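Spelled out, the chains give:
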Amino acid sequence: MNKSHEYWMQQAFREAENALTRNEVPVGAVIVHEGIVIGKGSNQIEMLQDPTAHAEIIAIGAAATYLENRRLENCTMYVTLEPCTMCAGALVLARLPLLVFGAYDPKAGACTSLYTITNDPRLNHRVHTIGGVLEDTCGTILKEFFVRQRKVIELR
């Protein structure tokens, strides 16, 4: 059975919810290969005190370990937020053929919003990119998180 982009984005959204329970920015990612999730991740920046611990980077590492290969050919990443420059670059380096993301990121998005790293013809690989899958759901959890964060700051 060929599952829809929405189905897999819901799996990524579960990872975002996991990040939220740890008071991390709620971004989640899954990498699918031949109909199964071979890598998943949620933001762990605060927990690990590591600025590179983005959901996408964690999922890429898990998928590469699973495949025993640095190239994620025949894989698709589903991530709840448009990747930043670091993560978009990692997707290009991993030779990922398809990226599907939920919410656009007008402040840091590097796939369509600010930059088009995943489709830059000057690079040696391009990642076909589809944005806006479950955009409202993926965007709402982020907006609510940042509203709560601002209220906490105001109370201090």
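Higher on the page you've got the structure.
Residues numbered from 1 in each chain as written. Predicted model: local features only at pLDDT ≥ 70, side-chain atom pairs only at ≥ 80, totals over all residues. Heavy atoms only, no water.

> Which residues make up the pairing of strand β1 (residues 28-33), and what values go with them?
When you tally the buried positions in β1, you get 6 out of 6 residues, the bulk of the element. By the alternation rule, side chains of β1 split into Gly28, Val30 and Val32 and Ala29, Ile31 and His33, which are all buried. The turn joining β1 and strand β2 (residues 36-42), which pair antiparallel and follow one another in sequence, is formed by 2 residues; a positive phi near 50 degrees is taken by glutamate 34. As defined by bridge partners, β1 adjoins strand β3 (residues 75-81) across 5 bridges and the pair is classed as antiparallel. When the sheet's bridge partners are listed, valine 32 is paired in β3 with threonine 76. (Buried < 20%, exposed > 50% of the residue type's maximum accessible area, 1.4 Å probe, protein only. Helix = DSSP H or I, 4+ residues; strand = E, 2+ residues; numbered from the N terminus. Pairing = 2+ DSSP bridges.)

> An account of the packing of helix α3 (residues 55-67) against helix α4 (residues 85-93) is requested, with residue identities and associated values reported.
Between α3 and α4, the shortest axis-to-axis distance is 9 Å and the interhelical angle comes to 20 degrees. If you check the angle between α3 and α4, you find them roughly parallel. Once α3 is placed against α4, the crossing between them reads as left-handed. Judged by residue contacts, Glu56, Ile57 and Ile60 of α3 engage Met86, Cys87, Ala90 and Leu91 from α4. Partitioning the contact of α3 with α4 into residue classes produces 6 nonpolar, no polar and 1 charged. (Axes fitted to C-alpha atoms, helices over the stretch in contact; angles between N-to-C directions. Parallel < 35°, antiparallel > 145°, perpendicular 65-115°, else oblique. Left-handed = near helix turned anticlockwise from the far one by under 90°. Contact = heavy atoms within 4.5 Å. Nonpolar A, V, L, I, M, F, W, Y, C, P; charged D, E, K, R; others polar.)

> Give me the nonpolar core: which residues, what numbers.
Formed by 40 residues in total, the largest nonpolar core has its most connected members in Ile31, Ile60, Leu72, Met77, Tyr78 and Leu99. Of all elements in the fold, only α1 (5-21), β1, α3, β3, α4, β4 (98-103) and α5 (135-155) reach the threshold of two or more residues within this core. Once residues lying within four places of it in the same chain are set aside, the contact partners of methionine 77 are Val30, Ile31, Glu56, Ala59, Ile60, Leu91, Leu96, Leu98, Leu99 and Val100. (Core = buried A, V, L, I, M, F, W, Y, C linked by side-chain atoms within 4.5 Å.)

> Tell me about the pattern of salt bridges, and please be specific about residues and values.
This model, assessed by the stated rule, comprises 2 salt bridges. Ionic pairing is found between glutamate 15 and lysine 40, a salt bridge with its closest N-O pair at 4.0 Å. Of this pair, glutamate 15 sits in helix α1 while lysine 40 is found in strand β2, placing the two residues 25 residues apart along the sequence. For glutamate 15, a relative accessible area of 11% puts it in the buried group. Under the relative-accessibility criterion, lysine 40 is labelled partly exposed at 49%. Of the charged contacts in the structure, one is a salt bridge between aspartate 120 and arginine 122, with a shortest N-O distance of 2.6 Å. (Salt bridge = Lys/Arg side-chain N within 4 Å of Asp/Glu carboxyl O.)

> Any chance you could break down the packing of aromatic side chains for me, citing the residues and the numbers?
By the definition in use, this model includes 3 aromatic pairs. Geometrically, the ring pair formed by phenylalanine 145 and phenylalanine 146 is edge-to-face, given 5.1 Å between the ring centres and 80 degrees between the ring planes. (Phe/Tyr/Trp six-rings, centres within 6.5 Å; stacked < 30°, edge-to-face > 60°.)

> I'd like to hear about unusual backbone geometry, residue by residue, with values.
A positive phi is found at glutamate 34, a non-glycine position, where the angle reads about 50 degrees. In this structure glutamate 34 comes out as exposed when scored by relative accessible area, which is 70%. In this model, glutamate 68 sits at a positive phi of 55 degrees, which is unusual for a non-glycine residue. In this fold, glutamate 68 is placed in the loop between α3 and β3. Here glutamate 68 falls in the exposed class, since its relative accessible area comes to 74%.

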